[in-house]
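Fold and contact review
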Amino acid sequence: MRPRPPVKGRGIFSGTGIIVTGLAATCVALFIPVASYSNQSSTGSAGADVLNAQTVLTQYGPLSELDREFVTKVRLAGLWELPAGQLAQRKGTTEAVRTAGQHLVEGHTFLDERVRDVAAKLGMGLPNEPNDQQKAWLAELNAAQGVDFDRKFANILRLAHGRVFTVVAQVRAGTQNSLVRALADDANTTVLDHIEILEATGYVDFEALARDLTATGTPSPTATPGVVVPLTPSP
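Residues numbered from 1 in each chain as written. Predicted model: local features only at pLDDT ≥ 70, side-chain atom pairs only at ≥ 80, totals over all residues. Heavy atoms only, no water.

This next bit is on the overall build of the protein chain. If you tally the helices and strands in the protein chain, you get seven helices and zero strands. From first element to last, N terminus to C terminus, the protein chain shows the α and β order α-α-α-α-α-α-α. The proportion of buried residues among the 235 residues of the protein chain is 36%. For the protein chain, the exposed area adds up to about 13,600 Å²; of that, 59% sits on carbon and sulfur atoms. (Helix = DSSP H or I, 4+ residues; strand = E, 2+ residues; numbered from the N terminus. Buried < 20%, exposed > 50% of the residue type's maximum accessible area, 1.4 Å probe, protein only. Areas by Shrake-Rupley, 256 points an atom, 1.4 Å probe, with all protein chains shown as cover.)

Structure follows, in structure tokens:
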């Protein structure tokens, strides 16, 4: 018996085999990016879980960790910048410095009333004294006299406002809480006014300011629930 001749069209190199092989390769190519995306999604969801764990639901919208930090910073700013403004009103040697002091007193009197109202509605505790860095700044201003005071007042306060200004913008852009959003609007207006009036004194060293703004600020103290003492300018 003679051997059967090979049947055309069979085997991996036949037309059908090429089609099957191509389909298999396509499936593998599609699977790889899907698997990669799944891994990335898992990593991203882990970060989202951490963020959600730090967020508290309120009737005014979600309250994030950054929101709470911002509210605390607004209170802290008033605790030392209002007294600093009063020092400028008494010790400033130029009308521009004394005017800047007046703006600080008026602005933080208004903001402190706002932040205490917001914190009360959100069930947040607030500090009743400045942090260590702010106390050191106040001590430095208390010890300074004459033009030295004017220069230190303008530069220290301008540095502090520059640091908080970026926080205000970040919170205003991303917060989901309506109370925090409104507070950020008020803080933005007040801080910008203070920045401009401090620069108008003519004492701000912008080169040193740019350098100092890159340094890490002092962490805010932990606020505990309790009676929050309102800020009232002395006569």
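Here we come to the pattern of salt bridges. The tally for this structure, following the rule as stated, stands at twelve salt bridges. Here Lys152 and Glu140 are joined by a salt bridge, their closest N and O atoms 3.7 Å apart. Pair noted here: Lys152 is in helix 5 (residues 146-174) and Glu140 is in helix 4 (residues 132-143), with a separation of twelve residues, a long-range link. Judged by relative accessible area, which is 27%, Lys152 ranks as partly exposed. Using a relative accessible area of 33% as the deciding quantity, one classes Glu140 as partly exposed. One salt bridge connects Arg172 with Asp185, and the closest N-O pair in it is separated by 2.6 Å. (Salt bridge = Lys/Arg side-chain N within 4 Å of Asp/Glu carboxyl O.)

On to the nonpolar core. Among the nonpolar cores identified, the biggest contains 23 residues, and Trp80, Leu141, Phe149, Phe153 and Leu157 are the most heavily contacted of them. Those elements that provide at least two residues to this core are helix 2 (65-91), helix 3 (95-122), helix 4, helix 5 and helix 6 (178-199). Looking at which element gives the most residues to this core, the answer is helix 5, with seven residues. Setting aside residues no more than four positions away along its own chain, Leu157 makes contact with Trp80, Glu81, Ala84, Leu104, Leu141, Lys152 and Leu198. (Core = buried A, V, L, I, M, F, W, Y, C linked by side-chain atoms within 4.5 Å. Contact = heavy atoms within 4.5 Å.)

Moving on to the packing of helix 2 against helix 6. Relative to each other, helix 2 and helix 6 sit at 40 degrees, their axes nearing to 11 Å. With respect to their mutual orientation, helix 2 and helix 6 come out oblique. For the pair helix 2 and helix 6, the sense of crossing is left-handed. Contacts between helix 2 and helix 6 involve Asp67, Phe70, Val71 and Val74 on the former and, on the latter, Val180, Leu183, Ala184 and Ala187. Of the residues assigned to the contact of helix 2 with helix 6, the class counts are seven nonpolar, no polar and one charged. (Axes fitted to C-alpha atoms, helices over the stretch in contact; angles between N-to-C directions. Parallel < 35°, antiparallel > 145°, perpendicular 65-115°, else oblique. Left-handed = near helix turned anticlockwise from the far one by under 90°. Nonpolar A, V, L, I, M, F, W, Y, C, P; charged D, E, K, R; others polar.)

Between its terminal C-alpha atoms helix 6 stretches 32 Å, which fits the 32 Å expected from 22 residues at 1.5 Å a residue. Listed in full, the buried residues belonging to helix 6 are Leu179, Val180, Leu183, Ala184, Ala187, Thr190, Val191, His194, Ile195, Ile197 and Leu198. Angular distribution of buried residues about the axis of helix 6 spans 165 degrees; they occupy a single face of the element. Residues of helix 6 that are buried make contact with helix 2, helix 3 and helix 5. Taking the backbone nitrogen of Leu179 as reference, a side-chain oxygen 3.1 Å away marks Asn177 as the first, capping residue of helix 6. (Expected span 1.5 Å × (residues − 1). Arc of directions from axis to C-beta. Polar contact = N/O pair within 3.5 Å; in protein donor to acceptor, adjacent residues only side chain to side chain.)

Structurally, the position occupied by Thr201 is in the loop between helix 6 and helix 7 (206-212). In this structure Thr201 comes out as buried when scored by relative accessible area, which is 10%. For Thr201 and Arg98, which are 103 residues apart along the polypeptide, the C-alpha to C-alpha distance reads 9.2 Å. Within the structure, Thr201 has its side chain in polar contact with the backbone oxygen of Leu198 (distance 2.6 Å). Here Tyr203 takes part through its backbone nitrogen, which lies 3.4 Å from a polar atom of the side chain of Thr201.

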